[in-house]
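# Structure at a glance
One letter stands for each residue in the lines below.
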Amino acid sequence: MDFGLSDEQLALQETARRFARAEIAPAAAHHDQEGTFPRDIIRKAWELGLVSTCIPEEYGGVGLSVLDSCIAVEELAWGCSGMATSIMCNDLGLMPILVGGNEDQKKRFLGACTSDFSLVSFCLSEPEAGSDVAGMQLFAEKDGDGYVLNGTKCWITNGGEADLYTVFATLDRSSRHKGICAFVIPRGAPGLSAGKKEDKMGQRASDTRVIHFDNVRVAAADRLGKEGEGFKIAMQTLDRTRPPIGALATGIARRALDESTAYSKERKAFGFPIGGFQAVQFLLADMAKDIEAGRLLTHQSAWMVDQGLRASKYSSFAKCFATDVAMRVTTDAVQIFGGNGYTKEYPVEKLMRDAKLMQIYEGTNQIQRLVIARELLKE
Ligand code: CAA
């Protein structure tokens with residue numbers, strides 16, 4: 001067992017860390033306040049090889065492992081988790097193509113994302129079907145050698161910015177998961193439109209929208225896998241993308257710890273820096289220990305995915321544990337900052353708002369517990 005990072009992983013970590021400090025962190029408060037999408041920064045990240053990292057070298061990508069992507073995304077999230085989410089969701093959108101696509105589809109869609117800067121959206125959630133994927137309503141009606149899609153997706157990251165959408169729709173609502181198909185649809189497809197940008201509590205730099213499908217035609221050649229395989233493609237995708245969510249949460253928590261440690265050395269109470277008081281020391285110690293545990297679970301689950309092992313349970317462990325840690329740690333950071341922490345002049349209130357989303361997206365932490373319990377009962 002080796003817990004050390006390789007020279008390549010250390011170099012990747014350094015690249016992402018420098019980028020987060022030089023480009024992401026200085027712009028984070030502005031995009032948080034304005035709720036604007038920093039396309040120029042995401043593009044620069046792409047130029048450095050930090051976006052669409054899951055695309056294998058044979059299709060022109062950098063072919064990072066899931067563990068590598070976790071190492072990079074933790075650094076990016078340290079700078080701003082809204083921007084890290086936009087970057088990470090590109091891999092989420094691409095993963096169904098890697099999981100369920102044929103050679104022609106991989107060449108066409110993955111190739112297009114490496115030859116030019118492209119953003120991708122993963123369109124799974126719906127207004128009435130967030131946790132219950134099999135209950136989706138977006139309808140795919142067969143039409144000649146293709147399909148016509150009608151309905152709505154919601155909470156779609158990169159929704160207004162994407163060049164490609166991986167979309168899950170049902171051929172037969174009564175068949176639940178057995179009726180679901182996965183499709184790839186380009187931006188500009190007639191009938192596909194992005195709705196209003198959500199005015200979110202946190203992660204305000206990421207672009208989250210409703211996507212409408214009004215008689216959108218998709219060729220059979222753009223369906224991933226066979227008819228009815230869409231649900232399993234979605235689940236296998238999430239098994240692979242939940243570890244990076246753990247890493248993203250770890251980045252938020254680590255930033256909160258860094259800010260809290262620095263503040264504890266500067267801020268005085270009763271004539272002494274507050275870091276000298278055991279009440280604050282215990283908070284810092286718990287933050288540090290929980291962050292470390294979250295990172296270990298995250299790296300273990302990513303390693304399992306990279307080994308080709310079924311990682312549903314471990315991916316859910318990592319997603320659930322590390323995101324709960326981020327919520328706890330950022331809440332304690334606000335506590336350490338006291339009244340200052342509750343104002344926008346200090347960075348920790350943003351971290352707390354950002355952390356909340358981590359417990360909700362890519363499967364709520366209640367769904368993660370459900371996945372874990374089902375796996376346990378199956379064993
Ligand atoms: N791998 C392979 N197959 C799987 C699987 C997996 N991980 N999980 C389930 N399956 C299979 C089952 O074996 C079963 O197969 P059979 O038909 O052969 O028996 C089939 O799929 C149905 O499985 P379930 O009975 O477990 O399905 P369910 O309807 O009870 O739902 C669920 C399972 C875990 C609740 C699922 O609906 C789920 O994961 N929900 C959460 C959705 C989610 O995470 N959404 C996130 C959206 S993306 C996002 O948030 C992005 C963003 O903005 C950042």
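A brief structural summary. (Residues numbered from 1 in each chain as written. Predicted model: local features only at pLDDT ≥ 70, side-chain atom pairs only at ≥ 80, totals over all residues. Heavy atoms only, no water.)

## Let's talk about the site of the ligand
As a structural note, the neighbourhood of the ligand is formed by 28 residues, with T157, H177, R242, E362 and R374 the closest of them. The side chain of K232 places a nitrogen or oxygen atom 2.9 Å from an oxygen atom of the ligand. In the model, an oxygen atom of the ligand is placed 2.8 Å from a nitrogen or oxygen of the E362 main chain. The set of elements that each furnish at least two residues to the shell around the ligand consists of helix 4 (81-100), strand 3 (146-157), helix 6 (230-266) and helix 10 (365-378). (Near = heavy atom within 4 Å. Polar contact = N/O pair within 3.5 Å; in protein donor to acceptor, adjacent residues only side chain to side chain. Helix = DSSP H or I, 4+ residues; strand = E, 2+ residues; numbered from the N terminus.)

## Some points on unusual backbone geometry
One non-glycine residue with positive phi stands out, namely S52, at about 55 degrees. Here S52 lies in the loop between helix 2 (39-47) and helix 3 (66-79). Exposure remark for S52: the relative accessible area of 5% places this residue in the buried category. One non-glycine residue, N158, adopts positive backbone phi at about 70 degrees. As for its position among the elements, N158 is in the loop between strand 3 and strand 4 (164-170). Looking at N158, the relative accessible area reads 0%, which means it is buried. (Buried < 20%, exposed > 50% of the residue type's maximum accessible area, 1.4 Å probe, protein only.)

## Quick word on the packing of aromatic side chains
Geometry of an aromatic ring pair is reported as the spacing of the ring centres plus the angle between the planes. Considering all chains together, one arrives at 8 aromatic pairs under this definition. The interplanar angle of 50 degrees and the centroid separation of 5.8 Å between the aromatic rings of W46 and F117 together place this pair among those described as tilted. On the criterion of sequence distance, the pair formed by W46 in helix 2 and F117 in the loop between helix 5 (103-115) and strand 1 (120-123) is long-range, its members being 71 residues apart. Pairing Y263 with F337 gives two aromatic rings, centres 4.0 Å apart and planes at 15 degrees, and the pair type is stacked. (Phe/Tyr/Trp six-rings, centres within 6.5 Å; stacked < 30°, edge-to-face > 60°.)

## A word on the packing of helix 3 against helix 6
Relative orientation and spacing of two packed helices are given, respectively, by the angle between their axes and the distance between those axes. Orientation of helix 3 relative to helix 6, taken along the N-to-C sense of each, is 35 degrees, at an axis distance of 7 Å. The hand of the helix 3/helix 6 crossing is right-handed. Residues V66, S69, C70, V73, E74, E75, A77, W78 and G79 of helix 3 pack against R240, P243, P244, A247, L248, T250, G251, I252, R254, R255 and D258 of helix 6. Looking at the contact of helix 3 with helix 6 residue by residue, the classes come out as 10 nonpolar, 4 polar and 6 charged. (Axes fitted to C-alpha atoms, helices over the stretch in contact; angles between N-to-C directions. Left-handed = near helix turned anticlockwise from the far one by under 90°. Contact = heavy atoms within 4.5 Å. Nonpolar A, V, L, I, M, F, W, Y, C, P; charged D, E, K, R; others polar.)

## So, the pattern of salt bridges
Applying the stated criterion across every chain, the model contains 31 salt bridges. Across the pair R176 and D132 runs a salt bridge, and its minimum N-O distance is 2.9 Å. In this pair, R176 is assigned in the loop between strand 4 and strand 5 (180-186) and D132 in the loop between strand 1 and strand 2 (139-142), connecting sequence segments 44 residues apart. Its relative accessible area of 36% is what places D132 among the partly exposed residues. (Salt bridge = Lys/Arg side-chain N within 4 Å of Asp/Glu carboxyl O.)

## Overview of the side chain of Q105
Relative to the helices and strands, Q105 resides in helix 5. Using a relative accessible area of 1% as the deciding quantity, one classes Q105 as buried. Within the structure, Q105 has its side chain in polar contact with the backbone oxygen of A221 (distance 2.8 Å). Not counting the four nearest positions on each side in its chain, Q105 is found in contact with I97, G100, L110, A221, D222, R223 and L224.

## With respect to the layout of surface pockets
In this model, the second largest pocket occupies a volume close to 510 Å³. Taken together, 19 residues line the second largest pocket, and the ones lying closest to its centre are D2, F3, L296, H299 and Q300. Among the secondary structure elements, those contributing two or more residues to the lining of the second largest pocket are helix 1 (7-34), helix 3 and helix 7 (278-306). When residues in the lining of the second largest pocket are grouped by element, the largest group, 6 residues, is from helix 7. (1 Å grid on protein atoms, 1.4 Å probe; cavity = no way out; pocket = protein on both sides within 12 Å on 5 of 7 lines; lining within 4 Å. Points joined across faces, edges and corners; volume = space filled by probe spheres on them.)

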